[in-house]
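# Descriptive structure summary
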Amino acid sequence: MKNQFKALGTDFFATGEKLKIAKDGSVKLPLKEEQEVLFVSTEDGYRLIPLQPDIKRIYIEVTTKCNFNCITCIRSSWQDCLLHMEWETFENILENLKELPKLESVHFGGFGEPMMHPKIFDMLKAVKGLGLKVEMITNGSYLQKENIQQLIDLELDILFTSLDSPEEEEYNTIRQGADFQSVSGNIANLQAMKRQHKTKKPELGIEFVAMKKNYDNLPKLIRMAYNLGANQIIVSNLLPYHESMKDEIVYDMDDTGRMFGNESLLTTIKAQMSNMKLRTERTCNFVQNQSLCINYLGDVSPCYALMHTYHCYIYGRKKDMYACYVGNVNDKKLQDIWMDSGYVNFRRAANENLFPSCTDCRSLEGCSYTDSNEMDCWGNSPSCAECLWARRIIACP
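Residues numbered from 1 in each chain as written. Predicted model: local features only at pLDDT ≥ 70, side-chain atom pairs only at ≥ 80, totals over all residues. Heavy atoms only, no water.

Scanning the entire structure with this criterion turns up 14 salt bridges. Here D157 makes a salt bridge to K201, at a shortest N to O gap of 3.0 Å. With D157 in the loop between α3 (145–153) and β8 (158–162) and K201 in the loop between α5 (180–196) and β9 (203–210), this residue pair connects regions lying 44 residues apart in the sequence. Overall, the relative accessible area of 10% leaves D157 in the buried class. Judged by relative accessible area, K201 falls into the partly exposed class, the value being 32%. Residues E243 and K246 are paired through a salt bridge, measuring 3.6 Å at the closest nitrogen-oxygen approach. Under the relative-accessibility criterion, E243 is labelled partly exposed at 49%. Taken together, the salt bridges that share partners define one network made up of R57, K133 and E135. (Salt bridge = Lys/Arg side-chain N within 4 Å of Asp/Glu carboxyl O. Helix = DSSP H or I, 4+ residues; strand = E, 2+ residues; numbered from the N terminus. Buried < 20%, exposed > 50% of the residue type's maximum accessible area, 1.4 Å probe, protein only.)

Encoded structure:
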């Protein structure tokens, strides 16, 4: 499924003698300042979509390696190689960043532990040197004092740390290979060293993945994060990648009431809570925030969900997810990838919800379209019809 998009409304038309349409669906208008646009048909007529390199946020996966073996991890269902990003690939990314006039922030994350990359600090420093906001997510195990000092010195803007329980035994069970005392101590040291240097950077963010194993301890985790001085607390839901985890989901509850009694106010005020029940509203934050993702090989994807090939479980149903790559930074410029007509129209379709809602469809039983994300009954390929990110059930920084 590489470099292919098929979405509702992708037939292209041009009318009038002064319009010249290219094979990719783009058209140049006879304006004083030449502006390339995409000319698309819609149910109401036609639309002109300006082709602009207006990327605002980029996620970079610098490695697929990790020193933990978490029961929640995508590695239990993929077959990707465990590799670091080549420095040449990163240099290509860096050169591309300089040509994006609207770019605001770069997030180092993906599905590996960024701090395992031997040149991670060089990468952070290089991007920070472009005047961009730079973030990173880590499991916290590499936050020794010398590494904390480097993060403070290069003025990393935000550091997110995954912390799935305030309880030692529970945390160590979820994050196998981890040590709660070590990680929590590292986070405390980060905050202490910031106070010593009289700096607020990097701001601390805590990400919590909610499941049956740990959900009752969420208020305690939020209070712990608050006491640590966390600036952000993101509560996401579990996306099961292994059959043994499919019954651990908690996003089928009635979340309209007070979930934690006297602690409900704390969770509401201090944490960015994901939806705990399927709602009608669908919003793709990756599209709305004008974001894209780059994996460890330099492949560009529209979002986290399409970065790799794997399987997951949607309300207990196994679903095969195939990666969708719209280009590679080693072969093509990011701005050209972003302005590709197929990619532009894919973003339009996602932003306007021009895809079905399979998860709560009355024809779900027996429908083979839900077996994978290859195509849906509206003809979209890849399909976003069961995206739990769009439902705000799954969240990421």
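Put simply, α3 and α5 touch, their axes get as near as 10 Å, and they point 45° apart. Between α3 and α5, the crossing angle belongs to the class labelled oblique. α3 and α5 meet at a crossing whose hand is right-handed. Where α3 abuts α5, its residues K145, I148, Q149 and I152 lie against N186, N189, L190, M193 and K194. By residue class, the composition of the contact of α3 with α5 is 4 nonpolar, 3 polar and 2 charged. (Axes fitted to C-alpha atoms, helices over the stretch in contact; angles between N-to-C directions. Parallel < 35°, antiparallel > 145°, perpendicular 65-115°, else oblique. Left-handed = near helix turned anticlockwise from the far one by under 90°. Contact = heavy atoms within 4.5 Å. Nonpolar A, V, L, I, M, F, W, Y, C, P; charged D, E, K, R; others polar.)

Ring pairs (aromatic) are described by centroid distance and by the angle formed between their planes. Counted according to the given criterion, the structure contains 10 aromatic pairs. Pairing Y171 with F180 gives two aromatic rings, centres 5.5 Å apart and planes at 65°, and the pair type is edge-to-face. Note on accessibility: Y171 and F180 belong to one class, buried. Where Y241 meets Y310, the ring centres are 5.6 Å apart and the plane angle is 75°; that geometry is what we call edge-to-face. In this pair, Y241 is assigned in the loop between β10 (232–237) and α7 (264–270) and Y310 in strand β14 (residues 310–314), connecting sequence segments 69 residues apart. The same class applies to Y241 and to Y310, which are both buried. Taken together, Y59, W78, F111, F286 and Y304 form an aromatic cluster joined through their ring pairs. Above the plane of the ring of W87 lies K119, whose end atom (NZ or CZ) is 4.8 Å from the centre. (Phe/Tyr/Trp six-rings, centres within 6.5 Å; stacked < 30°, edge-to-face > 60°. Lys NZ or Arg CZ within 6 Å of the ring centre and 35° of its normal.)

This paragraph deals with the pairing of β8. When you tally the buried positions in β8, you get 5 out of 5 residues, the bulk of the element. Burial along β8 is two-sided: I158, F160 and S162 and L159 and T161, pointing in opposite directions, are all buried. Strand direction decides the pairing type here: strand β7 (residues 133–138) and β8, joined by 4 bridges, are parallel. Of the residues in β8, the one forming a bridge with E135 is I158. Across 5 bridges, the pairing between β8 and β9 is parallel. Across the sheet, residue L159 finds its bridge partner in β9, namely L204. (Pairing = 2+ DSSP bridges.)

We now examine helix α2 (residues 120–128). All of the buried residues along α2 are I120, F121, M123, L124, V127 and K128. What you see down the axis of α2 is that its buried residues fit within an arc of 160°, all on one side. For α2, the elements touching its buried residues are α1 (87–97), β6 (105–108), β7 and α3. (Arc of directions from axis to C-beta.)

Another aspect to go through is the nonpolar core. Counting residues in each nonpolar core, the largest one holds 100 residues, and the members touching the most others are I58, L97, F108 and L124. Among all residues touching L124, those that are not within four sequence positions of it are F108, V134, M136, L151, L154 and L156. Listed in part, the 6 residues of the second largest apolar core include I174, V209, L238 and M245. (Core = buried A, V, L, I, M, F, W, Y, C linked by side-chain atoms within 4.5 Å.)

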